[in-house]
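If you want the building blocks of each chain, they are given just below.
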Amino acid sequence: MRSKKSRLSNLDILYDGMTIMCGGFGGVGSPPTTIDWIIDSGVTNLTLICNDAGFPWIGPGKLVTEKRISKLIASHIGSNPEAGKQMHNGELEVQFFPQGTLAEKIRAGGMGLGGILVDVGLGTSVEEGKEKVVVNGKEYMIEPALTADLSIIACKQADPYGNLIYDQSARNTNPLVAAAGDITIAETVELVEAGALNPEEIITQGVFVDYVIESKGVDWKWVWELKREG
Amino acid sequence: MGMGAETRRLIAKRAAQEVTYGMMVNLGIGIPTLVADFIPPALDVMLHTENGILGMGGSPAPGKEDGNLSNAGGYPVTINTGASFFDSAEAFGMVRRGHLDLTILGALEVNGRGDIANWIVPGKRVPGMGGAIDLAQKAKKVIVLMSHTTKEGIPKILKECSLPLTVKEGAHMIITERAVMRIKNGELFLIEVMPGFSIEDVIDSTEAKLNIELVGRGTS
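Nothing here was measured: the structure is a model prediction, and the numbers come from that model.

Student: Explain the interface of chain B and chain A here, please?
Tutor: Interface extent is often summarised as the accessible area lost during association of the parts. With 38 residues of chain B in contact, the opposing surface of chain A contributes 41 residues. Its largest share of buried area at the contact with chain A, chain B owes to Asn68(B), Tyr75(B) and Arg96(B), together 16% of the area lost on that side. Applying the counting criterion to the chain B and chain A interface returns 18 residue pairs in polar contact (both at pLDDT 80 or more). For the side of chain B that touches chain A, the elements supplying multiple residues, two or more each, are α3 (88-96) and α4 (132-138) of chain B. Residues belonging to the side of chain B that touches chain A are distributed by class as follows: 16 nonpolar, 13 polar and nine charged.

Below is the structure:
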């Protein structure tokens, strides 16, 4: 089996102005070690595509807090006041999509499609500026697919080829994001031997993954942990 | 919106009466989340989350939380028997395909035809729509839980919403601390008055035209 096991320190793939797509939902299922690596690299002026802006100290939210993002494509930024602040003072351009539409635009990108037809948001500001088409008598917006220069995701187990399984609700956008990157880095909690994963249970096929790296683990505290600690 | 815990629970409890056997239900953040506490287990309801759970259970015991098992708001949850995990595209595929029987969500404004505004206050608060538009447009039944007025007493059930819409004519029911209202054929009906308020209290604090069609509590 071809091995994609890698070290982030050996990868020279980041550059200013690139588009990065990040898996996760509210930071759950976002890759902590890879995000820290991007911050440490100093790369900036990034376009970030992610379900949401995380929290200021959690997941992709850190990239926003560190002011590395100039454009954000997301469905929600409410949990990251820093993103709201940067949007209002003009530092950060934010493009919103309904959550299911965003997920499906990413899925379409990963599956090699040009886009999707969707009616969610007709009759609201979502339809402003959207190209429309009538199919089978129903009106839809044409939503182009999304891909990225780099996709970064987190998983529970990976084999050397990059076959992946996820952990409960930390799966969320990760399989979609994994397939939509021109280059995809999968950060895994556990790297297992070839053959250790049940083929019936593999969620992301290794062909979508370019590099497998081992996670140093979540280095942030969740909101509910902070609340519990007072 | 400045409502006390008891009032919030009262609204949630009333909303739970709309849940029937075997439904697939999505609960929004805020008061809607509390509804789960009032749904009898015997109803075999499947709670759905946008981040990829069908069959979500209650909160875990302290110390049993798992950072990778949470609701769409990021708080730890458990799962019930028969639960499944899936990605976010599938989570919304279920919704768009018409499988979601009921969604219960909060709102900033609604109007008498069931328009809902709940995701943006232009220039002030722009959190983004998240899954609200998908859910409000595609669920078979949409119930809005909200305070009847702003803290200053200004009606939030309006002739026309002033904020950008989440959905046009999407709401079927509105439950507040003052009343339970139903929307039928583009018209708003008062069907129940909550304890401590009179019909006049409700009419006076509602800007939208309100038809009176009171029914017995819980029979709506």
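Next comes the rest of the account.
Student: What am I meant to see in empty space enclosed by the protein here?
Tutor: Any empty space left between the atoms is revealed when a probe the size of a water molecule rolls over them. Taken as a whole, this structure holds one cavity of 30 Å³ or more when the rule is applied. Roughly 50 Å³ of internal volume is contained in the largest cavity. In this structure, the largest cavity is lined by Gly26(A), Val28(A), Phe55(A), Ile58(A), Trp222(A), Val223(A), Trp224(A), Gly73(B), Gly74(B) and Tyr75(B).

Student: For this particular structure, what's the right way to read the confidence of the model for chain B?
Tutor: Detailed conclusions should not be drawn from predicted coordinates in areas where pLDDT is low. Averaged over every residue, the pLDDT of chain B is 95; the share at 70 or more is 97%. What the predictor reports for the complex is a pTM of 0.96 with an ipTM of 0.97.

Student: Would you mind showing me how to read the side chain of Glu109(B) here?
Tutor: Residue and element names in this part refer to chain B. Structurally, Glu 109 can be placed in strand β6 (residues 109-111). Polar contacts involving the side chain of Glu 109 include one to the side chain of Ser 162, which spans 2.7 Å. Here Leu 163 takes part through its backbone nitrogen, which lies 3.0 Å from a polar atom of the side chain of Glu 109. When neighbours within four sequence positions are excluded, Glu 109 is seen to be in contact with Asp 115, Ile 116, Ala 117, Met 146, Lys 156, Leu 158, Cys 161, Ser 162 and Leu 163.

Student: Quick question: what am I supposed to make of the environment of Ala145(A) here?
Tutor: Residue and element names in this part refer to chain A. Locating Ala 145 in the fold gives a position in the loop between β7 (138-144) and β8 (148-158). Through-space distance from the C-alpha of Ala 145 to that of Ala 103 is 9.9 Å; in sequence the pair is 42 residues apart. Apart from the residues lying within four places of it in its own chain, the contact partners of Ala 145 are Lys 105, Ala 108, Gly 109, Leu 113, Gly 114 and Gly 115.

Student: Help me understand the pattern of salt bridges, please; the structure alone is not making it clear to me.
Tutor: Side chains that differ in sign of charge can pair as their charged atoms come close. Residue and element names in this part refer to chain B. Enumeration according to the criterion identifies 25 salt bridges over all chains in this entry. For Glu 160, the salt bridge goes to Arg 113, with nearest N and O atoms at 3.0 Å. Of this pair, Glu 160 sits in the loop between β9 (157-158) and β10 (173-175) while Arg 113 sits in the loop between β6 and β7 (116-117); the two residues are 47 residues apart in sequence, bridging distant segments of the chain. Ionic contacts of the salt-bridge type, sharing partners, join the residues Arg 14, Glu 18, Lys 141 and Glu 192 into one network.

Student: Is there a simple way to explain the packing of helix α4 (residues 99-110) of chain A against α3(B) in this structure?
Tutor: The angle between the axes and the distance between the axes are what describe a pair of packed helices. Relative orientation of the contacting elements α4(A) and α3(B) amounts to 125 degrees, with a least axis distance of 8 Å. Judged by the angle between their axes, α4(A) and α3(B) are oblique. α4(A) and α3(B) meet at a crossing whose hand is left-handed. Here Gln99(A), Gly100(A), Thr101(A), Ala103(A), Glu104(A) and Arg107(A) of α4(A) lie close against α3(B), whose contacting residues are Ser88(B), Ala89(B), Phe92(B) and Arg96(B). In the contact of α4(A) with α3(B), the residues fall into three nonpolar, four polar and three charged.

Student: Would you mind showing me how to read the nonpolar core here?
Tutor: In summary, soluble globular proteins display a tendency toward joint burial of nonpolar side chains. All names here are of chain A. Formed by 42 residues in total, the largest nonpolar core has its most connected members in Ile 38 and Leu 72. With four residues, the single largest contributor to this core is helix α1 (residues 32-41). Setting aside anything within four residues of it in sequence, one finds Ile 38 in contact with Leu 14, Ile 20, Val 43, Leu 46, Leu 63, Arg 68 and Ile 152.

Student: Can you help me understand the sheet that holds β9(B) in this one?
Tutor: Backbone hydrogen bonds hold the strands of a sheet together, and the pairing may be parallel or antiparallel. Ordered in space as β7-β6-β9 (chain B), the three strands form an open sheet in which the pairing is mixed. The sheet is open, and its two borders are formed by β7 and β9 of chain B, each paired with just one other strand.

Student: Honestly, the packing of aromatic side chains in this entry has me stumped. Any pointers?
Tutor: Any aromatic ring pair is given by two values, namely how distant the centres are and how the planes are angled relative to each other. Residues and elements named next belong to chain A. The tally for this structure, following the rule as stated, stands at three aromatic pairs over all chains. Here the aromatic rings of Phe 55 and Trp 57 are separated by 5.9 Å at their centres, their planes lie at 50 degrees, and the arrangement is tilted. For Trp 57, a relative accessible area of 35% corresponds to the partly exposed category. Aromatic side chains Trp 220 and Trp 222 sit 5.7 Å apart centroid to centroid with 85 degrees between the ring planes, which places their arrangement in the edge-to-face category. For the pair Trp 220 and Trp 222, one class covers both residues: buried. Geometry around Tyr 161 places Lys 4 over its ring, the cationic atom sitting 4.0 Å from the centre.

Student: Teacher, can you tell me more about unusual backbone geometry here?
Tutor: Glycine aside, the phi torsion of most residues is negative, and most peptide linkages are trans. Residue and element names in this part refer to chain A. Even without glycine at this site, Asn 136 takes up a positive phi of about 50 degrees. Examined against the element boundaries, Asn 136 turns out to sit in the loop between β6 (132-135) and β7. Of the residues examined, Asn 136 reaches a relative accessible area of 79% and is grouped as exposed. Positive phi outside glycine occurs at Gln 168, with the angle close to 50 degrees. Among the secondary structure elements, Gln 168 is positioned in the loop between β9 (164-165) and α5 (174-180).

Student: Sorry if this is basic, but what is going on with the side chain of Asn80(A) here?
Tutor: All names here are of chain A. Counting through the fold element by element, Asn 80 comes out in the loop between β3 (69-74) and α3 (81-88). According to the relative accessible area criterion, Asn 80 is buried, its value standing at 0%. Filtering out sequence-adjacent residues up to four positions away, Asn 80 remains in contact with Ala 53, Gly 54, Phe 55, Pro 56, Gly 61 and Val 64.

Student: So what exactly am I meant to see when it comes to the sheet that holds strand β8 (residues 141-145) of chain B here?
Tutor: Residues and elements named next belong to chain B. Taken together, 10 strands build an open sheet; the order of strands is β4-β3-β2-β1-β5-β8-β10-β11-β12-β13 and the sheet is mixed. Strands at the two margins of the open sheet, each flanked by one partner only, are β4 (79-85) and β13 (210-212). Strand-to-strand, the axes of this sheet are offset by a mean angle of 25 degrees, without reference to chain direction. Bridging between strand β12 (residues 187-193) and β13 involves three bridges; their strand directions are parallel. The partner of Leu 190 across the bridge, within β13, is Ile 212. The strands touched by helix α1 (residues 5-16) are β5 (102-106), β8, β10, β11 (179-184) and β12; relative to β10, the strand with the most contacts, the crossing angle is about 150 degrees.

Calculation criteria
- Residues numbered from 1 in each chain as written.
- Chains lettered and ligands numbered in written order.
- Predicted model: local features only at pLDDT ≥ 70, side-chain atom pairs only at ≥ 80, totals over all residues.
- Heavy atoms only, no water.
- Contact = heavy atoms within 4.5 Å.
- Buried area = accessible area lost by both parts, 1.4 Å probe.
- Polar contact = N/O pair within 3.5 Å; in protein donor to acceptor, adjacent residues only side chain to side chain.
- Helix = DSSP H or I, 4+ residues; strand = E, 2+ residues; numbered from the N terminus.
- Nonpolar A, V, L, I, M, F, W, Y, C, P; charged D, E, K, R; others polar.
- 1 Å grid on protein atoms, 1.4 Å probe; cavity = no way out; pocket = protein on both sides within 12 Å on 5 of 7 lines; lining within 4 Å.
- Points joined across faces, edges and corners; volume = space filled by probe spheres on them.
- pLDDT = per-residue confidence, 0-100.
- Salt bridge = Lys/Arg side-chain N within 4 Å of Asp/Glu carboxyl O.
- Axes fitted to C-alpha atoms, helices over the stretch in contact; angles between N-to-C directions.
- Parallel < 35°, antiparallel > 145°, perpendicular 65-115°, else oblique.
- Left-handed = near helix turned anticlockwise from the far one by under 90°.
- Core = buried A, V, L, I, M, F, W, Y, C linked by side-chain atoms within 4.5 Å.
- Buried < 20%, exposed > 50% of the residue type's maximum accessible area, 1.4 Å probe, protein only.
- Pairing = 2+ DSSP bridges.
- Phe/Tyr/Trp six-rings, centres within 6.5 Å; stacked < 30°, edge-to-face > 60°.
- Lys NZ or Arg CZ within 6 Å of the ring centre and 35° of its normal.

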